[in-house]
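# Topology and contacts: notes
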Amino acid sequence: AMTATRIYVVAPKVAEAGKPAPRRLVRATHPANALRHVADGDYSVAVASQDDLEALLSQGAKVETIGAEQQQLT
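Residues numbered from 1 in each chain as written. Predicted model: local features only at pLDDT ≥ 70, side-chain atom pairs only at ≥ 80, totals over all residues. Heavy atoms only, no water.

### What to know about the overall build of the protein
Looking only at helices and strands, one finds 3 helices and 2 strands in the protein. Helices and strands appear in the protein in the N-to-C order β-β-α-α-α. Classification of the 74 residues of the protein by burial places 9% in the buried group. The contacts in the protein between residues at least 6 apart in sequence include a share of 24% that link residues at least 24 apart. Counting every atom, the protein has about 6,900 Å² of accessible surface; 55% of that belongs to carbon and sulfur. (Helix = DSSP H or I, 4+ residues; strand = E, 2+ residues; numbered from the N terminus. Buried < 20%, exposed > 50% of the residue type's maximum accessible area, 1.4 Å probe, protein only. Contact = heavy atoms within 4.5 Å. Areas by Shrake-Rupley, 256 points an atom, 1.4 Å probe, with all protein chains shown as cover.)

Right, here's the structure in full:
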């Protein structure tokens, strides 16, 4: 059986000043999958090294913890 899909609009929450926010149409089975498809082109993800932690924390970065409902989407 084929899994049902929908078309989602994926757009940044905040646009660059003076530019319209780029909006993309993505057919996917779940909004998280649509977002992941778009994000994969713009972002990379890797386990933070000790050097990453030291550099970013010293610059004021905070560790963000996602909610349990977000973790179950993968």
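And the narrative resumes.
### Here's the deal with the environment of Val 9
Counting through the fold element by element, Val 9 comes out in strand β1 (residues 6-10). Residues Val 9 and Pro 31, 22 residues apart in the sequence, show an inter-C-alpha distance of 9.1 Å. The contact partners of Val 9, leaving out residues within four places of it in the chain, are Arg 23, Arg 24 and Leu 25.

### Comments concerning the environment of Ala 21
Along the polypeptide, Ala 21 turns up in the loop between β1 and β2 (24-28). As for Ala 21 and Ala 11, which are separated by 10 residues in sequence, their C-alpha atoms are 6.6 Å apart. Apart from residues no more than four positions distant in its own chain, Ala 21 is found in contact with Pro 12 and Ala 15.

### Section: helix α1 (residues 31-42)
For an α-helix, 3.6 residues make a turn, and residues three or four places apart therefore share a direction. Between its terminal C-alpha atoms α1 stretches 17 Å, which fits the 16 Å expected from 12 residues at 1.5 Å a residue. Taken together, the buried positions of α1 are occupied by Ala 32, Ala 34 and Val 38. Viewed end-on, α1 has its buried residues packed into an arc of 155°, placing them on one side of the element. The inward-facing, buried residues of α1 contact β1 and β2. (Expected span 1.5 Å × (residues − 1). Arc of directions from axis to C-beta.)

### Observations concerning the nonpolar core
Generally speaking, nonpolar side chains in soluble globular proteins are found buried as a group. Listed in full, the 6 residues of the largest apolar core are Tyr 8, Val 10, Val 26, Ala 28, Ala 34 and Val 38. Secondary-structure elements contributing two or more residues to this core are β1, β2 and α1. The contact partners of Ala 28, leaving out residues within four places of it in the chain, are Thr 5, Arg 6, Tyr 8, Asn 33 and Ala 34. (Core = buried A, V, L, I, M, F, W, Y, C linked by side-chain atoms within 4.5 Å.)

### Re a nonpolar patch on the surface
Side chains of Ile 7, Val 9 and Leu 25 sit close together on the surface and give an oily, nonpolar patch of about 320 Å² of accessible area. A residue is classified by how much of its surface remains accessible, and Val 9, at 48% relative accessible area, is partly exposed. (Patch = residues over 30% accessible without salt bridge, like charges linked within 9 Å, V, L, I, M, F, W, Y side chains within 5 Å. Salt bridge = Lys/Arg side-chain N within 4 Å of Asp/Glu carboxyl O.)

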